[in-house]
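Spelled out from the first residue to the last, the chains are:
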Amino acid sequence: MRLIDKSIRLRKYAPKFGNSKKKQYLCSRFGLGIGRIKGMSIDNRVNGMAKIHSVAVYCASSNKVRESYMQAARRLGELLAEAGIRVIYGDGGIGLMAAVAEGALNAGGDVLGIIPQFMVDAGWNNPRSTHTIITQTMHERKATIVQETNAMVALPGGIGTFEELLECLTWKQLGLHNCPVVILNTDGYYDRLLDCLDYMIAEQMMRPIHREMYMVVREPEEVLPAILAAKEWDTNTRRLAAI
């Protein structure tokens, strides 16, 4: 694995929220000005962003998707950048991957792309990424993304995105990470997958508690509030992986 860093070294941003004006801005921008939500005060939710310095975004690399998916991806990148949160993604130069990076970069954000060498050789990488980590294999790529992030968001995507999302949930089920996982269900794209997960629970392939491993939202503006409101997953629940 090697790092290409346009600013000499890889930085992990942990924004500070001591400034009252910044707090007011975040409360209004991300819908945090509603007193207490799910038992968490405004101050705790805003200060919680200091712990979320990086968010991994899994999404499509197709340019032939509907425009609403592209708009949602750009908007999410913009919102993460405005909150001082680094975007981590697969470094794709087209499709929703490029859109989320574009949204973050245009808002002055920091973007880390993680991509295997064979994809770079094929010219599939995004040269605009602030930082790039080049891995030798797909497995190393996926593991590196998880190691670098504090939360994971799935946007519409193909089998690669589905595989990454389900692997994140599998690793969480096994107690290998406790990062919040948010599914951005733009235009109901994930409805059928969510139905399938419910069917797994009905057929006792999963437990009802496993629904708590992920949150589902429909708008980009709901992603950060969902991450901040996420119930902490007990990594000891791996004992529940066996039904």
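Structural notes, computed from the coordinates. (Residues numbered from 1 in each chain as written. Predicted model: local features only at pLDDT ≥ 70, side-chain atom pairs only at ≥ 80, totals over all residues. Heavy atoms only, no water.)

1. Here's the deal with empty space enclosed by the protein
Any empty space left between the atoms is revealed when a probe the size of a water molecule rolls over them.
Line of reasoning, step 1. Per the counting criterion, the structure on display carries 1 cavity of 30 Å³ or more.
Line of reasoning, step 2. Computed from the structure, the largest cavity encloses a volume of approximately 30 Å³.
Line of reasoning, step 3. Forming the walls of the largest cavity are Tyr58, Lys142, Val146, Glu164, Glu167 and Cys168.
Line of reasoning, step 4. Elements with a minimum of two residues in the lining of the largest cavity: α6 (138-148) and α7 (159-173).
Line of reasoning, step 5. The dominant element in the lining of the largest cavity, judged by the number of residues it contributes, is α7, at 3 residues. (1 Å grid on protein atoms, 1.4 Å probe; cavity = no way out; pocket = protein on both sides within 12 Å on 5 of 7 lines; lining within 4 Å. Points joined across faces, edges and corners; volume = space filled by probe spheres on them. Helix = DSSP H or I, 4+ residues; strand = E, 2+ residues; numbered from the N terminus.)

2. Re the side chain of glutamate 164
Line of reasoning, step 1. Residue placement: glutamate 164 occurs in helix α7.
Line of reasoning, step 2. Despite its burial, glutamate 164 pairs with no opposite charge, the nearest such side chain being arginine 141 at 4.5 Å.
Line of reasoning, step 3. In contact with glutamate 164, other than residues within four places in its own chain, are Tyr58 and Lys142. (Buried < 20%, exposed > 50% of the residue type's maximum accessible area, 1.4 Å probe, protein only. Lys, Arg positive; Asp, Glu negative; His and termini not counted. Salt bridge = Lys/Arg side-chain N within 4 Å of Asp/Glu carboxyl O. Contact = heavy atoms within 4.5 Å.)

3. Brief notes about the packing of aromatic side chains
Line of reasoning, step 1. The full count for this structure, using the stated rule, is 4 aromatic pairs.
Line of reasoning, step 2. With 6.3 Å between their ring centres and 85 degrees between their planes, phenylalanine 162 and tyrosine 189 make a pair best called edge-to-face. Of this pair, phenylalanine 162 sits in helix α7 while tyrosine 189 sits in the loop between β7 (181-184) and α8 (191-202); the two residues are 27 residues apart in sequence, bridging distant segments of the chain.
Line of reasoning, step 3. The partly exposed category is assigned to phenylalanine 162, whose relative accessible area is 24%. (Phe/Tyr/Trp six-rings, centres within 6.5 Å; stacked < 30°, edge-to-face > 60°.)

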